[in-house]
Amino acid sequence: MSTATGQQQAAAPADEEQPKTPLQRLLGAQAFQILGVLLILIVLFSIAETDAFLSVNNFRNVVVNVSILAILGVGMTFIIITGGIDLSVGSVLVFSGVVAAKVMDALGGEGVGVSVVGALAACASGTLWGLFNGVLVARAKVPPLIVTLGTLGMALGGAQIITGGIDLRGAPTVLTDTIGFGRLFGQIPYLAIIALVVVALGAVILHRTRFGRYTYAVGSNDEAARRVGVKVDRHLILVYTLAGFCAGLAGILNLAFYASTTIAGQSNTALNVIAGVVIGGTSLFGGIGTVAGTVIGLFIPAVLQNGFVIMGVQPFWQQVVVGAFLIAAVYVDQVRRAAATRGASSRRSLSSRFSRPSGARRKESQ
Amino acid sequence: MTPALEARGLRREFGHVRALDGADFDVDPGEVVALIGDNGAGKSTLVKALSGSLAVDSGELYSDGQRVAIDTPAAARSLGIETVYQDLALAPHLDPVQNMYLGREVMRSGLLGHLGFMDHVEMKENTRRAFADLGATVRDFAAPVGSMSGGQRQQIAVARAAAWASRVIFLDEPTAALGVVQTRNVLDLIRRVRDRGIAVVLISHSMPHVIEVADRIQVLRLGRRVATYDAKKTSMEELVGAMTGAISQGAT
Ligand SMILES: Nc1ncnc2c1ncn2[C@@H]1O[C@H](COP(=O)(O)OP(=O)(O)OP(=O)(O)O)[C@@H](O)[C@H]1O
Ligand SMILES: [Mg+2]
């Protein structure tokens, strides 16, 4: 299909206003270019360390490392597309894990039922934090950067109050043995399957449904969305709630995987997720982004880390390289937006967004 | 005839600025009313007040003689009122079809529709038709409108409003960025929309266009309607005089 349109395109006179073919669009997408970078990394590491890097086992490791981040990344992608930010996901993950651990402990036993209740408790906790974030952002008009910086502290503090600051260890073995370490057909980690389902659902909702359409519209020009009757505030609340749910789900998975609430271990989680989302081509200015890009963007740090460890390079280099990737990704986004938006209207809409609470979103590019 | 939409004594202050100072306004079904006035006279403010995107401090609104409250864009929409805002109010990252249907997406039938899935084919076809009606020069239906020229964006906004209006359509300087041919198209579209029995309100600084296309001309000055003219019987000098305050009219 794309070849046919491609030929048609070649026959037409070179005209800037000609519609782009789907192929051209794909090639121009930042997510696609980042996929190229990822493939190059994989090829380089494969050449350097064929046996260790290019094994099923190693690949599985990388995928598992990305899985939980990818679930957080789905919610974060929605939020950043609205022009917002969520710094609280790591803390909400911890809080949800703690609540789940407490609930399962109180119920006692190792059964499936207990695990299910624990999972529901985690998802509910996350959802409530997300709702809290959303209401403050949309109704109280507090900038999302500040709201989620606040809930980052509140959720982490809350988790520490509940536990006395000491990690709860021990989840039902059903949970750790299946979701934590289990594999479908002895090959595919359940963790990865769950992540894949969440990613697929997220992508369908974002790219195929009205909810997704409104997410882009709100991030693109919230005043325009409001004037055509989109309930912007309600939509923002739903988006933050969705991200909270993702963090809650990640919380129970994290607990299953580490068999610990990892209270001290999540301080960089939100920033890592944001980095992945942004590297994957989602614009911090709102209105642009894809779930697929986020997944690719999360694989880059994971592959780098993995490759460096195998090659015996100091793993600290990973942070340096990822930082450079992040800056490059935002730079490319800036250049693109400058080239793509012309005329006063879009500029006005951009500046009008800065006067809204979503305005503080840009601080995150660290 | 009962006006399709009538406003009485609208007031709205921004700090010390009285944007609307007891403004009256009315437009009949199947009539083109031009709303003119100097920069800052309050035209855009009046349009926003009548399309539910700006709250007024006081004043009354009537739709077909019925007292109505137009306090949200949704309320305006349910009264069949559509607006091309001066700043167009398009979402720059969405494509023309998505903008055209923003807030009223056509859903798939059955379960998929209930799950939030949209009927892209239907929306694209209708958009194509609406643009063809307008003779719009938008060629790329999948590019973000933010990448299009000011005139193309204006055509999208006009096509959107014209497609949805069923009672009243406001056009706040809809031809400001348009070329000669496209301006012609919009003026023709205004007549066609009027012939559908819809009330058209045109805001423009181009007196020749106003005189050409309008049935009545209402002059706004310092947030108040100071004159109403029959477009057939007025002249450029008279209009400019009324706008600047050199002529005052007690007429209808
Ligand atoms: N949101 C706002 N905040 C403060 N003042 C405003 C606002 N909107 C309008 N005004 C003021 O109200 C007055 C009327 O503005 P309005 O935009 O209605 O004028 P206009 O007749 O549309 O002018 P133009 O021909 O330039 O479009 C101006 O003095 C303007 O500064
Ligand atoms: Mg104006």
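Residues numbered from 1 in each chain as written. Chains lettered and ligands numbered in written order. Predicted model: local features only at pLDDT ≥ 70, side-chain atom pairs only at ≥ 80, totals over all residues. Heavy atoms only, no water.

Student: What should I look at first to understand the interface of chain A and chain B in this one?
Tutor: In many analyses, interface size is given as the accessible surface area lost on bringing the parts together. Contacts between chain A and chain B engage 35 residues on the former and 35 residues on the latter. Counting the surface lost from both chain A and chain B, the interface buries some 2,900 Å², and carbon and sulfur atoms represent 54% of this. Considering only the surface of chain A that becomes buried against chain B, Arg213, Arg227 and Val228 of chain A emerge as the three largest contributors, covering 28% of it. In this structure, the connection of chain A to chain B is made through one salt bridge. Across the pair aspartate 87 of chain B and arginine 227 of chain A runs a salt bridge, and its minimum N-O distance is 3.0 Å. Of all the elements in the fold, those that place two or more residues in the side of chain A that touches chain B are helix H10 (190-208), helix H11 (210-220), helix H12 (222-227) and helix H17 (344-354) of chain A. Among the elements that take part in the side of chain A that touches chain B, H11 of chain A stands out by supplying six residues, more than any other. In the side of chain A that touches chain B, the residues fall into 12 nonpolar, 12 polar and 11 charged. (Contact = heavy atoms within 4.5 Å. Buried area = accessible area lost by both parts, 1.4 Å probe. Salt bridge = Lys/Arg side-chain N within 4 Å of Asp/Glu carboxyl O. Helix = DSSP H or I, 4+ residues; strand = E, 2+ residues; numbered from the N terminus. Nonpolar A, V, L, I, M, F, W, Y, C, P; charged D, E, K, R; others polar.)

Student: Quick question: what am I supposed to make of the side chain of glutamate 31 of chain B here?
Tutor: Within the secondary structure, glutamate 31 of chain B is located in the loop between strand S2 (17-27) and strand S3 (32-36). For glutamate 31 of chain B, the contacting residues outside a window of four places in its chain are Arg194, Ile198, Ala199, Val200, Asp215 and Arg216 of chain B.

Student: Just to check I follow, could you spell out unusual backbone geometry for this structure?
Tutor: Residues apart from glycine generally show negative phi values, whereas peptide bonds are mostly found in trans. All names here are of chain B. Even without a glycine there, the phi angle at glutamate 173 is positive, about 50°. Classification of glutamate 173 as buried rests on a relative accessible area of 16%. We note that leucine 222 has phi near 50°; this positive angle belongs to a residue other than glycine. Among the structural elements, leucine 222 can be located in the loop between strand S9 (216-221) and strand S10 (224-230). (Buried < 20%, exposed > 50% of the residue type's maximum accessible area, 1.4 Å probe, protein only.)

Student: Honestly, the confidence of the model for chain B in this entry has me stumped. Any pointers?
Tutor: Note: predicted coordinates in regions of low pLDDT should not be interpreted at a detailed level. Looking at chain B, pLDDT values average 89 and 98% of them are 70 or higher. Note on the complex model: pTM 0.85, ipTM 0.85. (pLDDT = per-residue confidence, 0-100.)

Student: Would you mind showing me how to read H11 of chain A here?
Tutor: Each full turn of the α-helix corresponds to 3.6 residues, which orients residues three or four apart in the same direction. Counting buried positions along H11 of chain A yields nine of 11 residues, so the element is predominantly enclosed. All of the buried residues in H11 of chain A are Gly212, Arg213, Tyr214, Thr215, Tyr216, Ala217, Val218, Gly219 and Ser220 of chain A.

Student: Where do I start with the sheet that holds S10 of chain B in this structure?
Tutor: Residue and element names in this part refer to chain B. Reading across from one edge, S6-S7-S8-S3-S9-S10 is the order of the six strands in this open sheet, with mixed pairing throughout. Among the strands making up the open sheet, the edge pair consists of strand S6 (81-84) and S10. The sheet shows a mean angle of 20° between the axes of neighbouring strands, taken without regard to direction. Against the sheet, helix H9 (residues 236-244) engages S3, S9 and S10, with an angle of about 25° to S9. (Pairing = 2+ DSSP bridges. Axes fitted to C-alpha atoms, helices over the stretch in contact; angles between N-to-C directions.)

Student: Please clarify how the pairing of strand S7 (residues 168-172) of chain B should be interpreted in this entry.
Tutor: In summary, the side chains of a regular strand alternate between the two faces of the sheet. All names here are of chain B. Counting buried residues in S7 gives five out of five residues, a clear majority hidden from the surface. With burial as the criterion, each face of S7 is covered, one bearing Val168, Phe170 and Asp172 and the other bearing Ile169 and Leu171. Here S6 runs beside S7; their pairing, made up of four bridges, is parallel. Within the sheet, the bridge partner assigned to threonine 83 lies in S7 and is phenylalanine 170. Strand direction decides the pairing type here: S7 and strand S8 (residues 199-203), joined by five bridges, are parallel. Opposite valine 168, over in S8, you have alanine 199 as the bridge partner. As a crossover connection, the stretch from S7 through helix H7 (residues 180-195) into S8 is right-handed. (Right-handed = clockwise from strand over helix to strand, strands pointing away.)

Student: How should a nonpolar patch on the surface be read in this particular structure?
Tutor: All names here are of chain A. A cluster of nonpolar side chains, namely Leu23, Leu26, Leu27 and Phe32, defines an oily patch on the protein surface of about 330 Å² accessible area. The element contributing the most residues to the nonpolar patch is helix H2 (residues 22-28), with three residues. Tracing the sequence through the fold places leucine 26 in helix H2. (Patch = residues over 30% accessible without salt bridge, like charges linked within 9 Å, V, L, I, M, F, W, Y side chains within 5 Å. Areas by Shrake-Rupley, 256 points an atom, 1.4 Å probe, with all protein chains shown as cover.)

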